[in-house]
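Structural features, examined
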Amino acid sequence: MGILEGKNILVTGVLTEGSIAFDVARLCQEQGATVVLTGVGRTLRITQSMGRRLPVEAPVVELDVTDPEHLGALADQVKEHVPHLDGVVHSIGFAPQSVMGGNFMQAEWDDVATAIHISAYSLKALAQAVLPLMSEGGSVVGLTFDGRFAWPVYDWMGVAKASFEAVNRYLARDLGEHGIRCNVVSAGPIKTTAARHIPGFDQMEGNWSERAPLGWDSEATEPTAKAVTALLSDWFPATTGEMVHVDGGVHAMGQ
Ligand SMILES: NC(=O)c1ccc[n+]([C@@H]2O[C@H](COP(=O)([O-])OP(=O)(O)OC[C@H]3O[C@@H](n4cnc5c(N)ncnc54)[C@H](O)[C@@H]3O)[C@@H](O)[C@H]2O)c1
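Residues numbered from 1 in each chain as written. Predicted model: local features only at pLDDT ≥ 70, side-chain atom pairs only at ≥ 80, totals over all residues.

Structural notes on the overall build of the protein chain
Helices and strands together make up the secondary structure of the protein chain, namely nine helices and seven strands. Over its C-alpha atoms, taken along the principal directions, the protein chain stretches across nearly 45 × 40 × 35 Å. Taking all 255 residues of the protein chain together, 47% fall into the buried category. Considering only contacts within the protein chain whose residues lie at least 6 apart along the sequence, 74% involve residues at least 24 apart. (Helix = DSSP H or I, 4+ residues; strand = E, 2+ residues; numbered from the N terminus. Buried ≥ 20, exposed ≤ 12 C-beta atoms within 10 Å, placed from the backbone. Contact = placed C-beta atoms within 7 Å.)

Written out as structure tokens, the structure is:
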């Protein structure tokens, strides 16, 4: 029996088979969950085709996390496929290139605001939108890139991630009374579409695999997806507001 047997999980952020969320959705199904995906805008059809590539075809509902109408309709849309949710995965990130790649001092507020809206505020927006479906409690899990540090080229996306991690802590505070745990997984660098969008991503990747006591494969999403799946399960019953590192151990090393 899988660790998610009988659970219903909403997974955002499946864009390609290389998306972290694709592996999360696959592992959730393998562990017994029913999975509903969300897709956005021009890439909705791609997410639909990804849904057909999962072990069990997963339905896709439309969600742009910045669109109040989508957020308002989300619970009803999800209800067409599952009666309630036990977990939701936030695997969404975006920042205009103008606020990354070494442009920290040049970045303008409008572009920074876009990064923070999509990459940080959206965790609260998503959790709030699905709250009516989580009356029996559950688990909210997000993906971050350790926002405690100033990384090369990450710039305002790093600020958005620090904010995202703070949003997670406040959500943990406010949703605990509903029996909802809120945690984030801090992954090492992985060559996904979002990562390729960061100008100079190779500088972030740097010599990560040499610095990691366990080594690091920047092509592999499964180690990160396994941690997300575990946090969705009943095996972290008293953990909330936490950041779990899946980075080969780099976060614990001095330079
Ligand atoms: N790749 C890495 O190195 C790495 C490391 C740590 C954390 N992360 C985080 O993992 C998460 C998933 O990213 P990924 O690396 O799998 O890349 P990805 O490009 O496969 O996924 C990013 C997703 O965000 C979605 N998205 C963007 N704007 C959206 C919006 N307005 N509404 C709804 N969805 C929107 C995209 O459609 C896409 O599915 C992100 O939060 C990212 O920051 C990635």
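Section: the nonpolar core
In terms of nonpolar packing, the biggest core is built from 73 residues, with Val11, Val24, Ala25, Cys28 and Val130 touching the most fellow members. Here this core takes 11 residues from helix α4 (residues 109-130), the largest share from any one element. Sequence-distant contacts of Ala25, that is, excluding residues within four places in its chain, are made with Val11, Val14, Val35, Leu37, Leu54 and Ala58. (Core = buried A, V, L, I, M, F, W, Y, C linked by C-beta atoms within 7 Å.)

Considerations on the sheet that holds strand β2 (residues 34-39)
For sheets, the rule is that strands pair by backbone hydrogen bonds, running either parallel or antiparallel. Taken together, the seven strands give an open sheet; going across it, the order is β3-β2-β1-β4-β5-β6-β7, and neighbouring strands pair in parallel fashion. Edge positions in the sheet fall to β3 (60-62) and β7 (242-246), since each of these pairs with one other strand and no more. The average undirected angle you get between the axes of adjacent strands in this sheet is 20 degrees. Relative to strand β6 (residues 180-187), strand β5 (residues 138-144) runs parallel, the two being bridged by seven bridges. Within the sheet, the bridge partner assigned to Val140 lies in β6 and is Cys182. Along the sheet face, helix α5 (residues 155-175) touches β5, β6 and β7 and points at about 160 degrees away from the line of β6. (Pairing = 2+ DSSP bridges. Axes fitted to C-alpha atoms, helices over the stretch in contact; angles between N-to-C directions.)

Some thoughts on the environment of Ser122
With respect to the helices and strands, Ser122 occurs in helix α4. With 32 residues separating them in the primary sequence, Ser122 and His90 have C-alpha atoms 8.5 Å apart.

Concerning the packing of helix α1 (residues 20-30) against helix α9 (residues 222-232)
Their axes nearest at 8 Å, the elements α1 and α9 cross at an angle of 50 degrees. Considering their axes alone, α1 and α9 lie oblique with respect to each other. When you trace α1 past α9, the crossing you get is right-handed. Across the interface between the two elements, Ile20, Asp23, Val24, Leu27 and Cys28 of α1 pack against Glu222, Thr224, Ala225, Lys226, Val228, Thr229 and Leu232 of α9. Considered class by class, the residues forming the contact of α1 with α9 number seven nonpolar, two polar and three charged. (Parallel < 35°, antiparallel > 145°, perpendicular 65-115°, else oblique. Left-handed = near helix turned anticlockwise from the far one by under 90°. Nonpolar A, V, L, I, M, F, W, Y, C, P; charged D, E, K, R; others polar.)

Thoughts on α9
Structurally, the α-helix is built with 3.6 residues per turn, so residues lying three or four positions apart point the same way. Listing the buried residues of α9 in full gives Thr224, Ala225, Ala227, Val228, Thr229, Leu231 and Leu232. Those residues of α9 that are buried lie in contact with β1 (8-11), α1, β4 (87-90), β5, β6 and β7.

Notes on the pairing of β2
Counting buried positions over the six residues of β2 gives five, a clear majority of the element. Where β1 meets β2, four bridges bridge the pair, whose relative direction is parallel. In the strand pairing of β2, Ile9 is matched with Val35. You can see the chain leave β1, run along α1 and come back into β2, and the turn it takes is right-handed. Relative to β3, β2 runs parallel, the two sharing three bridges. Considered in β3, the bridge of Leu37 is made with Val60. Note on the crossover from β2 through helix α2 (residues 44-53) to β3: the handedness is right-handed. (Right-handed = clockwise from strand over helix to strand, strands pointing away.)

Remarks on the environment of Ile3
Along the chain, the position of Ile3 falls in the segment before β1. We classify Ile3 as partly exposed; it has 17 C-beta atoms within 10 Å. With 195 residues separating them along the chain, Ile3 and Ile198 place their C-alpha atoms 35 Å apart.

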